[in-house]
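Residues per chain, in single letters:
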Amino acid sequence: MRMKGGKSGPTAGFVLRLGAAAIAALLVLPNDAARADEGGVSFWIPGFFGSLAAVPQQAPGWSVTSVYYHTSVSAGGDVARAREITIGRFPANLTAAVNANVNANVDLGLVAGTYTFATPVLGGQASASLLATYGSNSTSLAGSVIGALTLPGGGTIPFSRFDSIDSSIIAFGDLIPQFALRWNAGVNNYMTYITADLPVGAYQSTRLANLGIGHWAIDAGGGYTYFDPKTGHEFSAVLGFTYNFVNPSTQYQNGVDMHLDWGASQFLTKQWQVGLVGYLYQEIGCDSGSGDRVGCFRSRVAGVGPQVGYIFPVGDMQGYLNLKAYGEFANENRPAGWNVWLTFNLQPSAATPPTSSRPRFTK
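The notes below deal with the structure included here. (Residues numbered from 1 in each chain as written. Predicted model: local features only at pLDDT ≥ 70, side-chain atom pairs only at ≥ 80, totals over all residues. Heavy atoms only, no water.)

## Describing the pairing of strand β5 (residues 156-172)
Line of reasoning, step 1. Looking at chain direction, strand β4 (residues 125-150) and β5 are connected through 17 bridges and run antiparallel. Residue pairing across strands places T139 opposite S167, the latter belonging to β5.
Line of reasoning, step 2. In this structure, the hairpin formed by β4 and β5 is closed by a connection of five residues, where G154 is found at a positive phi of approximately 105 degrees. (Pairing = 2+ DSSP bridges. Helix = DSSP H or I, 4+ residues; strand = E, 2+ residues; numbered from the N terminus.)

In structure tokens form, the structure reads like this:
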């Protein structure tokens with residue numbers, strides 16, 4: 001089935017609204033289970049932006065997006081050593097090698113409310129969002145620590161220990177506000193955003209599993225979407241950077257993080273969308289602070305996978321479901337594995353355009 005006609009049709013119109021509500025509302029998720037920087041944990045979770053990220057909504061007003069997120073990841077000795085230092089199980093006078101693994105499974109529910117303003121700002125469409133998180137994190141660490149303890153007089157004694165730590169938590173995560181601007185110019189769409197982490201979620205520096213990150217962070221960036229409603233072709237990419245403040249519990253400061261999220265899709269019909277998604281995460285600044293005992297510890301990971309979307313009516317509202325999955329690779333100083341996102345967006349339908357302006361759908 002091929003779409004013909006302009007953007008005023010029901011399918012194109014909903015896709016335009018979808019860009020800001022279902023995609024842009026997927027902000028950054030506080031998840032201590034598996035991410036990088038201090039002990040393998042970062043503010044930004046790769047994969048939050050995807051297809052249609054820069055496309056403005058067609059109509060102003062409220063929309064709600066809910067997400068089920070699952071991730072399973074693991075890491076080796078470098079991350080395990082960093083995590084043991086963070087939770088206080090690695091004495092400052094210990095020089096040792098760690099042969100251990102960290103494994104984490106996380107299930108989270110996210111709810112984001114987004115308000116899109118009717119009055120243009122700098123010629124673009126402005127929106128404000130707030131995301132809240134609730135879920136579970138189960139993390140384990142197992143392996144050996146072998147090295148030497150330095151005594152006050154300068155001597156050393158051999159040290160050997162086997163650690164087996166299991167930590168689980170069910171709680172609320174941090175709050176994430178965001179402000180975004182989007183512009184449309186035919187098939188080209190542009191966006192810029194700024195967001196932050198409000199560290200109010202469940203966090204203890206001595207606990208292996210958390211749902212908050214324990215410190216403030218600011219993230220900003222911009223993106224581009226190519227979307228042609230006539231053909232259904234779409235490609236999006238969003239580049240952002242995170243500045244992390246010092247963690248007051250550990251006196252550790254993560255370096256500046258760079259992240260690139262992208263999505264490519266094809267609308268096969270007025271309801272079905274299929275494509276690919278991916279991301280690249282790279283820490284470009286070294287970790288620091290008086291609590292940093294692991295050095296620069298720059299982190300990296302990449303991911304890629306499939307996506308499928310479905311548009312459908314819900315009474316006088318419009319619904320959208322999107323399922324996407326990522327397999328991770330090329331990780332360094334950071335756990336890697338796989339993750340799945342199931343997104344549901346609900347928002348008011350736009351007014352039905354005149355019959356003469358509707359696109360025609362032909363096989």
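Further notes follow.
## Looking at the packing of aromatic side chains
Line of reasoning, step 1. Taken as a whole and judged by the stated rule, the model has 16 aromatic pairs.
Line of reasoning, step 2. Between Y310 and F312, the ring centres sit 5.6 Å apart and the planes meet at 20 degrees, which makes this aromatic pair stacked.
Line of reasoning, step 3. A residue is classified by how much of its surface remains accessible, and Y310, at 25% relative accessible area, is partly exposed.
Line of reasoning, step 4. A residue is classified by how much of its surface remains accessible, and F312, at 18% relative accessible area, is buried.
Line of reasoning, step 5. Following the ring pairs from residue to residue traces out a cluster consisting of W44, F48, F49, Y69, Y193 and W341.
Line of reasoning, step 6. Over the ring of W341 we find K324; its NZ or CZ atom is 5.2 Å from the centre of that ring.
Line of reasoning, step 7. R334 extends its terminal NZ or CZ atom over the ring of Y281, reaching a point 3.9 Å from the ring centre. (Phe/Tyr/Trp six-rings, centres within 6.5 Å; stacked < 30°, edge-to-face > 60°. Buried < 20%, exposed > 50% of the residue type's maximum accessible area, 1.4 Å probe, protein only. Lys NZ or Arg CZ within 6 Å of the ring centre and 35° of its normal.)

## A short note on the environment of L268
Line of reasoning, step 1. In this structure, L268 sits in the loop between β10 (257-267) and β11 (272-283).
Line of reasoning, step 2. It is 7.1 Å that separates the C-alpha atoms of L268 and G232, two residues lying 36 residues apart in sequence.

## A look at a nonpolar patch on the surface
Line of reasoning, step 1. On the surface, a cluster of nonpolar side chains totalling about 660 Å² of accessible area is made up of F117, F179, I194, W216, I218, Y243 and F245.
Line of reasoning, step 2. Residue F117 is classed as partly exposed on the basis of its relative accessible area of 35%. (Patch = residues over 30% accessible without salt bridge, like charges linked within 9 Å, V, L, I, M, F, W, Y side chains within 5 Å. Areas by Shrake-Rupley, 256 points an atom, 1.4 Å probe, with all protein chains shown as cover. Salt bridge = Lys/Arg side-chain N within 4 Å of Asp/Glu carboxyl O.)

## Regarding the nonpolar core
Line of reasoning, step 1. F49, L110, Y193 and W341 are the most contacted members of the largest nonpolar core, which has 33 residues in total.
Line of reasoning, step 2. Looking at this core, the elements with two or more residues in it are β2 (61-75), β3 (94-116), β5, β6 (176-185), β7 (188-197), β11 and β14 (336-348).
Line of reasoning, step 3. Top contributing element to this core by residue count: β3, with four residues.
Line of reasoning, step 4. By size, the runner-up hydrophobic cluster in this structure holds 15 residues, among which are L94, V98, L149 and I165. (Core = buried A, V, L, I, M, F, W, Y, C linked by side-chain atoms within 4.5 Å.)

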